[in-house]
Amino acid sequence: SGAIEYTHISGDDYLVEVNFYRDCSGISAPSVLTLDVNSILCAISKSDSLLLISTTDVTPDCPSNLSGCAIGGSGFGVELHKYSATVTIQTGCSDILLATSHCCRNFLVNAGSGNYYVETTMNTLIAPYNSSPKFNVDPIFIMFQGQSHNFTMGTNEPDGDVVRYSLTNPLTAAVTPIMFNPPNTFLNPIPASSGLSINNTNGNMQVTPTALGGHA
């Protein structure tokens, strides 16, 4: 999983950061990610290189345990790789699309494999020099079968704008959704006694899982 976040610096310059979460049993993280910047209305099509600036083990485990990311560790493990660069993004464009991708996603119990892909949109016509919301919580959760779980991503909005939340189908490429293994869907990604619900005002999510395994 991952996210693209951007912070306005000055003029048309933005600090763009990608949070790239990697299963430590999978492929290695790249040293550079390519960020594609596109706009049909403003005839923009360019790429920028985002450099790896930090790597952090974010496995939600007991401090005494060595995760699968640590030397000599085993089992479950997740790393956060953070990439960053200053990117010039033209003002006055209502359809800016920022996107990045990398091969490949791990096999999942509930969904097919494919490329890692994440995107975000900007409207520099209506909201010039805006900064994006920032997630304060790593999206890695350990849940217990048959127990109700409530969790949130703890979003911070630096401009004080209103934030609304919804579930959307993850992508493996532009306009190409990941195929979930039936009966799973992006609205109900894991077997549960009731579907995954989300509060569109505060982002709180609730689910009671009924099966074991690693799920997206």
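Our subject is the structure that appears above.
Going along each chain's sequence as written, the residues are numbered from 1 onward. Note on the predicted model: pLDDT of at least 70 is required for a residue's local features to be given, and 80 or more for side-chain atom pairs to be given and counted; whole-chain, interface and lining totals, by contrast, use all residues. Calculation of side-chain values draws on the structure's entire complement of heavy atoms; hydrogens and water are dropped beforehand.

Moving on, we get to the sheet that holds strand E7 (residues 116–122). Hydrogen bonding along the main chain pairs the strands of a sheet, whether they run parallel or antiparallel. The rule for pairing is simple: two strands pair if DSSP sees at least two bridges between them. A run of DSSP states H or I qualifies as a helix once it reaches four residues; a run of E qualifies as a strand once it reaches two. Both are numbered from the N-terminal end. Read across the sheet, 7 strands follow the order E1-E2-E5-E4-E3-E6-E7 without closing on themselves; strand pairing throughout is antiparallel. Here the strands that pair on one side only, and so sit at the sheet edges, are strand E1 (2–10) and E7. Neighbour to neighbour, the strand axes of the sheet diverge by 25° on average, direction disregarded. When E1 meets strand E2 (residues 13–23), the two strands line up antiparallel, connected through 8 bridges. Considered in E2, the bridge of Ser10 is made with Asp13. Every angle, taken between N-to-C directions, lies between 0 and 180 degrees, and every axis is a line fitted to C-alpha atoms, over only the stretch in contact when it is a helix.

Time to look at the packing of aromatic side chains. The relation between two aromatic rings is expressed through the spacing of the ring centres and the mutual angle of the planes. Two aromatic rings from Phe, Tyr or Trp, using only the six-membered ring of Trp, form a pair when their centres are within 6.5 Å; if the ring planes differ by under 30 degrees the pair is stacked, by over 60 it is edge-to-face, and anything between is tilted. Applying the stated rule across the entire model yields 4 aromatic pairs. Ring plane angle 80° and centroid distance 6.1 Å describe the contact between Tyr6 and Tyr14, whose orientation is recorded as edge-to-face. What makes Tyr6 buried here is its relative accessible area of 7%. Looking at Tyr14, the relative accessible area reads 0%, which means it is buried. Ring centres of Phe20 and Tyr116 lie 4.6 Å apart, and the angle between their planes is 55°; this geometry places the pair in the tilted category. Of the two residues, Phe20 sits in strand E2 while Tyr116 sits in strand E7, which places them 96 residues apart along the sequence. Judged by its relative accessible area of 4%, Phe20 is buried. Each residue is assigned to one of three classes by its accessible area relative to the maximum for its type, calculated with a 1.4 Å probe on protein chains only: buried under 20%, partly exposed between the two thresholds, exposed over 50%.

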